[in-house]
Amino acid sequence: MGWFDYVWLGIQAVFQGPEAFTILGIAIPITVLMILMGFLMGIAVGATPGLAGPMAMAVALPILISIFGFSPDALLPVMGFLLGIMKGATIGGAVPAILFNTPGTPDAYMTTLDGYPMTKQGQARKALRVAHFSSASGDTFSDIVLILCAPFLAVVVERYLDLPEKTALLILSLAFIAAVIGGSVGKGLISLGLGLMAAYVGTGEDFYPRLSMGSQTLAQGFPIAAVVLGVLILGEVFKSIEELWQESRKSGAITVIEQKGDQKLHWADIRRLLPYITRSAVIGTVIGALPGIGSTLAATLGYTTGRAAHARKGRKPAFGDGAPEGIAATEAANSSVSGANLIPVLSLGIPGNAAAVFLILAADSIGGFNPGPSVFRFTGDAVNPELVIAFGLFTCMMIANLLNWTIGGAFMRSMGFMSRIPKHILLPVVLLLTLTSIYVQETRMAAIWFTIGFGVLGYLMRRLGISPLPFVIAYILGAKLEESARQAFAATGGDAWFLFASPVSIAFMILTVMVIVLSLRKPKEAKT
């Protein structure tokens, strides 16, 4: 059987699978219906501060398995629903980031830097249109790369990035984020160090918790949702409440932003945005193909590279002052990760982000599909059922892309009215939703107190001019960095210099030093 035969079998598996119901004699496949339902749920979850796609996937997976069971026919409907959530949450996360300066997902944090200033300038609807176009474009590009290049890219990544190289790449990523995003190198490194310290509380080898001070509660570590949502969401909520209080004391009233000017996205706007979208889509696709790094780093790199190109051209407004290019660079980068994340999942069985973890869990729970090298094995006479399922998943992703361009666009355009909701009403709702989602996920009061504590930390960081983003990324990557370093140390026979064991890892370490040194020199050059 050839490549085209497997493509056709994968499409048939989606559209000729079990029927959900019929409309005027036309059968509606259950897989297509589940993709639609998952996509709508993902948009709602992503647009709600305090919720996230992986959280919804974690709740939905056991329910889906209990409904569909463990038969092979259940695999594509369940996976289609999860893929719909993943894609819908990515586009939905831009809504609260733009309208309320509270990112629905951690990787949408960079969207707030230009999205919210556009909202304050009365351009909320246009900002949402830019976010949707950029997100859908990046997602489509990534899916095309996945379908065409999944086996090749996975082999290349694994061939040139062994454990020492992956460790060095993580160190380079953290250094780059601290130097570029932190406002200054010093503040960025402080934020980074605090994130790593929080990541290592309660973790360790052989069940010996670290930094727990003898407390059983701390010995369990900080829940990732409590840390991320506390610093990003509650920190912003506390700061916004303080600003509202100060505003009401000065003027006796709270300002409501009125929409003004042209809110449409014209062809001239698209031509100006395309270079930023293209650059970020490539960055997000490459980052997504690297196991375990994720969309937060892609959004950061897409934004910073776009900001550098924008500064060289001298365009106004600048990044951070309400530039549509900033939204485009961020949204194209974090959306293009979703498709590329399935490259290591399908080819190597390694999840690229939290959402991909639940796709692997679904495959393991239902059976009949084992992500790994055997997936892309073309057989002669016999049919490889795993390859059929893989092309069925590709079909599901393209259906979700079509929904993204149509339903996603209508949703983004309809969300502009939310910018007229007074903040003194909205902020308590966001606070309640965040704390409720934490308790639903963790079911212990300690998680609530952790969330509030990290919210206070996020508020103090903002008041001191320290960006919380290096903190969040360091916390997310901290465990992966330690695990990779331990494995590299063991694989090299206990070589303490394993980071300098290959030309690639040496190059990454040299780049790490150069990023810090060059960032330290910039203020001095500016003064002279």
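Parameters and conventions
Residues numbered from 1 in each chain as written. Predicted model: local features only at pLDDT ≥ 70, side-chain atom pairs only at ≥ 80, totals over all residues. Heavy atoms only, no water. Helix = DSSP H or I, 4+ residues; strand = E, 2+ residues; numbered from the N terminus. Buried < 20%, exposed > 50% of the residue type's maximum accessible area, 1.4 Å probe, protein only. Contact = heavy atoms within 4.5 Å. Areas by Shrake-Rupley, 256 points an atom, 1.4 Å probe, with all protein chains shown as cover. Pairing = 2+ DSSP bridges. Expected span 1.5 Å × (residues − 1). Patch = residues over 30% accessible without salt bridge, like charges linked within 9 Å, V, L, I, M, F, W, Y side chains within 5 Å. Salt bridge = Lys/Arg side-chain N within 4 Å of Asp/Glu carboxyl O. Axes fitted to C-alpha atoms, helices over the stretch in contact; angles between N-to-C directions. Parallel < 35°, antiparallel > 145°, perpendicular 65-115°, else oblique. Left-handed = near helix turned anticlockwise from the far one by under 90°. Nonpolar A, V, L, I, M, F, W, Y, C, P; charged D, E, K, R; others polar. Arc of directions from axis to C-beta. Phe/Tyr/Trp six-rings, centres within 6.5 Å; stacked < 30°, edge-to-face > 60°. Lys NZ or Arg CZ within 6 Å of the ring centre and 35° of its normal.

Notes on the overall build of the protein chain
Thought 1: Scanning the protein chain from terminus to terminus reveals 21 helices and 2 strands.
Thought 2: Taken across its 528 residues, the protein chain has 55% of its residues classed as buried.
Thought 3: Summarising the internal contacts of the protein chain: among those between residues at least 6 apart in sequence, 77% fall at separations of at least 24.
Thought 4: When the accessible area of the protein chain is evaluated, it comes to approximately 22,500 Å², of which 68% is carbon and sulfur surface.

Let's talk about the pairing of strand β2 (residues 26–29)
Thought 1: Pairing analysis gives 4 bridges linking strand β1 (residues 19–23) to β2, with the strands arranged antiparallel. Looking at β2, one finds that glutamate 19 is bridged to proline 29.
Thought 2: Joining the antiparallel neighbours β1 and β2 is a turn of 2 residues, in which leucine 24 adopts a positive phi near 55 degrees.

A short note on helix α6 (residues 109–120)
Thought 1: Across its 12 residues, α6 extends 17 Å between first and last C-alpha, which sits within 8% of the 16 Å expected from 1.5 Å per residue.
Thought 2: Buried residues dominate α6, accounting for 10 of its 12 residues.
Thought 3: Just downstream of α6, glycine 122 is the residue with a positive phi angle, here 80 degrees.

Some remarks on a nonpolar patch on the surface
Thought 1: Together, Trp497, Phe500, Ile506, Ile510, Leu511, Met514 and Leu518 line one region of the surface with nonpolar side chains, adding up to about 690 Å² of accessible area.
Thought 2: Residue position: leucine 518 is located in helix α21 (residues 503–527).

Observations concerning the pattern of salt bridges
Thought 1: Tallied over the entire structure, the rule returns 5 salt bridges.
Thought 2: Residue glutamate 242 pairs with arginine 463 through a salt bridge whose shortest N-O separation is 3.5 Å. With glutamate 242 in helix α11 (residues 224–251) and arginine 463 in helix α19 (residues 445–463), the pair connects residues that are 221 residues apart, well separated along the chain.
Thought 3: Residue classification places arginine 463 among the partly exposed positions, given a relative accessible area of 46%.
Thought 4: Arginine 272 is the salt-bridge partner of glutamate 325, the closest N and O atoms lying 2.8 Å from each other. With glutamate 325 in helix α14 (residues 324–340) and arginine 272 in helix α12 (residues 267–289), this pair connects stretches of sequence that are 53 residues apart.
Thought 5: Residue class for glutamate 325 comes out buried when judged on its relative accessible area of 3%.
Thought 6: The exposure class of arginine 272 is partly exposed, given its relative accessible area of 28%.
Thought 7: Beyond isolated ion pairs, a larger network of salt bridges with shared partners links Lys87, Asp139 and Asp143.

Observations concerning the packing of helix α2 (residues 30–46) against helix α4 (residues 75–92)
Thought 1: Put simply, α2 and α4 touch, their axes get as near as 6 Å, and they point 30 degrees apart. If you check the angle between α2 and α4, you find them roughly parallel. In this structure, α2 meets α4 at a crossing whose hand is right-handed. Contacts between α2 and α4 involve Ile30, Thr31, Met34, Ile35, Met37, Gly38, Phe39, Met41, Gly42, Ile43 and Gly46 from the first element and Leu76, Pro77, Gly80, Phe81, Gly84, Ile85, Lys87, Gly88, Ala89, Ile91 and Gly92 from the second.
Thought 2: Among the residues forming the contact of α2 with α4, the class breakdown is 13 nonpolar, 8 polar and 1 charged.

Comments concerning helix α9 (residues 185–199)
Thought 1: Taking 1.5 Å of rise per residue, the 15 residues of α9 would be expected to cover 21 Å, and the 21 Å separating its terminal C-alpha atoms lies within 8% of that figure.
Thought 2: For α9, the full list of buried residues reads Val185, Gly188, Ser191, Leu192, Gly195, Leu196, Ala198 and Ala199. The buried residues of α9 occupy one face: seen down the axis, they fall within an arc of 160 degrees.

A few points about the packing of aromatic side chains
Thought 1: In total, this model carries 7 aromatic pairs according to the counting rule given.
Thought 2: With a centroid separation of 4.9 Å and an interplanar angle of 85 degrees, the aromatic rings of phenylalanine 222 and phenylalanine 450 are classed as edge-to-face. Residue phenylalanine 222 is located in the loop between α10 (216–219) and α11, and its partner phenylalanine 450 is located in helix α19; the two are separated by 228 residues in the primary sequence.
Thought 3: For phenylalanine 222, a relative accessible area of 16% puts it in the buried group.
Thought 4: Their ring planes at 50 degrees and their centres at 6.1 Å tell us that tryptophan 497 and phenylalanine 500 sit as a pair that is tilted.
Thought 5: The exposure class of phenylalanine 500 is partly exposed, given its relative accessible area of 42%.
Thought 6: Ring pairs connect the aromatic residues Phe222, Phe450, Phe454 and Phe471, which therefore count as one cluster.
Thought 7: We note arginine 279 situated over the ring of tyrosine 276; from NZ or CZ to the ring centre the distance is 5.4 Å.

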